[in-house]
Amino acid sequence: MSSIADNIESVTRSIQKATISAGREAGSVTLLAVSKTRPADDLRAAVAAGQRAFGENYLQEALDKIEQLADLPGLEWHFIGPIQSNKTRAIAEHFHWVHSVDRLKVARRLSEQRPATLPPLQVCLQVNIDGESSKSGCHPDQVVALAEQIRELPRLRLRGLMAIPDPDRPEPALRQSFRRLAELQQRINASTPQLPALDTLSMGMSGDLELAIAEGATCVRVGTALFGRRPPPGEPRPLA
Ligand SMILES: *Cc1c(COP(=O)(O)O)cnc(C)c1O
């Protein structure tokens, strides 16, 4: 079995390779380690191998790990799971980034609840890029208007867009979805030349990070390829 450190090295190499073959600048894609369901010791191993940014989906589990790892300086916590509006306060207080903002109500609450002592919360707007009604994310038709409203909120900094296209679809379809997200981002930037350009495209996971990078991803969210397979939903999760 390969170690977490080995996996970080090999995923980092894949990211570098894909970045170069896309003709993009080396270092323009960051690795977000998706650590949901993994015990705090796995995150410690990743930190020892140089990883700093972690993505979590489940609030209570994340808060536990943030506390358990409070002795490690410089960690960056990203919330990437669906957001219930009664959970926004804890998210606003404990995270640096939120990738899964998909409606104005949640954005407003995060802005209001972001402590004044902290810098603005960095956020991505999650887009339901394949238009599947069952998944979270705002409809692609609403993205431009919603981005405009979110950018008015004083304690949030809108950095870009996020999507989770179904990774099991054939490559051309998947690639199309990534491309559509990049195009939406370009449309927002073109319509708001007076504002700083959105610079973050959070797309690509273990199975499709090369394709996402080819279409402009700046942040890939990788779990399985770093930490191994997660237990299927419903089985007891190995909490720290
Ligand atoms: C779990 C998860 C990932 C990581 O997926 P892997 O296939 O394990 O790399 C990425 N993004 C989100 C939003 C997730 O929930």
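Scroll up for the structure.
The text that follows walks through the structure, step by step, so that each part is easy to find. Remember, predicted model here, so these are calculated numbers, not experimental data.

1. Observations regarding the layout of surface pockets
Approximately 500 Å³ is the volume attributed to the largest pocket. What lines the largest pocket is a set of 23 residues, and nearest its centre among them are Lys36, Ile164, Met205, Arg221 and Arg230. Of the residues contributing to the lining of the largest pocket, the split by class is nine nonpolar, eight polar and six charged.

2. Examining empty space enclosed by the protein
What the rule picks out here adds up to one cavity of 30 Å³ or more. Approximately 60 Å³ is the volume found for the largest cavity. The wall of the largest cavity is formed by Gln126, Val127, Asn128, Ile129, Asp130, Glu132, Lys135, Ser136, Ala163, Ile164 and Pro165. Split into classes, the residues belonging to the lining of the largest cavity amount to five nonpolar, three polar and three charged.

3. Some points on the environment of Cys138
Take Cys138: it is sitting in the loop between β5 (121-126) and α6 (143-150). Setting aside anything within four residues of it in sequence, one finds Cys138 in contact with Asp102, Leu125, Gln126, Val127, Asn128, Val143 and Leu146.

4. Thoughts on the packing of α6 against helix α7 (residues 171-191)
At their nearest, the axes of α6 and α7 sit 10 Å apart, and the two run at 55° to each other. By the angle between their axes, α6 is oblique relative to α7. The handedness of the crossing between α6 and α7 is right-handed. In this structure, α6 uses Val143, Val144 and Ala147 to contact α7, whose residues at the interface are Leu184, Arg187, Ile188 and Ser191. Looking at the contact of α6 with α7, its residues break down into five nonpolar, one polar and one charged.

5. Some remarks on the nonpolar core
By size, the foremost hydrophobic cluster in this structure holds 67 residues, and its most contacted members are Phe54, Leu125, Ile150, Leu161 and Val220. For this core, the leading source of residues is α7, giving six residues. If near-sequence neighbours (up to four positions away) are discounted, Val220 is found in contact with Ile15, Val29, Thr30, Leu31, Leu32, Met203, Gly204, Leu209 and Ile213. One finds Leu32, Val34, Ala53 and Ile80 within the second-largest nonpolar core, a separate group that totals five residues.

Basis of the calculations
Residues numbered from 1 in each chain as written. Predicted model: local features only at pLDDT ≥ 70, side-chain atom pairs only at ≥ 80, totals over all residues. Heavy atoms only, no water. 1 Å grid on protein atoms, 1.4 Å probe; cavity = no way out; pocket = protein on both sides within 12 Å on 5 of 7 lines; lining within 4 Å. Points joined across faces, edges and corners; volume = space filled by probe spheres on them. Nonpolar A, V, L, I, M, F, W, Y, C, P; charged D, E, K, R; others polar. Helix = DSSP H or I, 4+ residues; strand = E, 2+ residues; numbered from the N terminus. Contact = heavy atoms within 4.5 Å. Axes fitted to C-alpha atoms, helices over the stretch in contact; angles between N-to-C directions. Parallel < 35°, antiparallel > 145°, perpendicular 65-115°, else oblique. Left-handed = near helix turned anticlockwise from the far one by under 90°. Core = buried A, V, L, I, M, F, W, Y, C linked by side-chain atoms within 4.5 Å. Buried < 20%, exposed > 50% of the residue type's maximum accessible area, 1.4 Å probe, protein only.

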